Amino acid sequence: ALARAYLDVERAEDALNAVDEVVGWHPGFYRSHLHQGDALNALGRHEEAVPSLLAAGGINPFDPAVHTQLARAYEALGQAELAERHRRFATLVAR
């Protein structure tokens, strides 16, 4: 919750600091991976964001936010096909 609050006020570095330790404590909690990936994306660290977001999607593939963030990361990395695939999936699971 703290990481999400930091992200909501555009404090990505604080969000990343808040969530990094939680990921180690509770690796099965997908929202921690999601917030970690979101923070890394916000910091422009897209290549680092992908593994966190894939971990989140592996735990809960039905959260559209996971796929939206993956699309953002892949787009920034120049992987347009993967970005589009995740945008479509985000729309599909949001229904």
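You'll find the structure just up there.
So, how was this worked out
- Residues numbered from 1 in each chain as written.
- Predicted model: local features only at pLDDT ≥ 70, side-chain atom pairs only at ≥ 80, totals over all residues.
- Heavy atoms only, no water.
- Helix = DSSP H or I, 4+ residues; strand = E, 2+ residues; numbered from the N terminus.
- Expected span 1.5 Å × (residues − 1).
- Buried < 20%, exposed > 50% of the residue type's maximum accessible area, 1.4 Å probe, protein only.
- Arc of directions from axis to C-beta.
- Contact = heavy atoms within 4.5 Å.
- Axes fitted to C-alpha atoms, helices over the stretch in contact; angles between N-to-C directions.
- Parallel < 35°, antiparallel > 145°, perpendicular 65-115°, else oblique.
- Left-handed = near helix turned anticlockwise from the far one by under 90°.
- Nonpolar A, V, L, I, M, F, W, Y, C, P; charged D, E, K, R; others polar.

### What to know about the environment of L53
With respect to the helices and strands, L53 occurs in helix α4 (residues 46-59). When the C-alpha positions of L53 and L34 are compared, they lie 5.5 Å apart, and in sequence the two are 19 residues distant.

### Brief notes about helix α6 (residues 80-94)
For α6, which comprises 15 residues, the first-to-last C-alpha distance of 21 Å matches the rise-based estimate of 21 Å (1.5 Å per residue) to within 8%. Among all positions of α6, only A83, H86, A90 and V93 are buried. Seen end-on, α6 carries its buried residues on one side only, within an arc spanning 100°. Relative to its buried face, α6 has exposed residues pointing more than 90 degrees away, namely E81, R88 and L92. Summarising the contacts, the buried residues of α6 are in contact with α5 (64-76).

### Quick look at the packing of helix α3 (residues 30-42) against α5
Put simply, α3 and α5 touch, their axes get as near as 10 Å, and they point 30° apart. As the angle between them shows, α3 and α5 are arranged roughly parallel. In this structure, the crossing between α3 and α5 has a hand that is left-handed. For the pair formed by α3 and α5, the contact residues are Y30, L34, D38, N41 and A42 on the first element and A65, V66, Q69, R72 and A73 on the second. Grouping the constituent residues of the contact of α3 with α5 by class yields six nonpolar, two polar and two charged.

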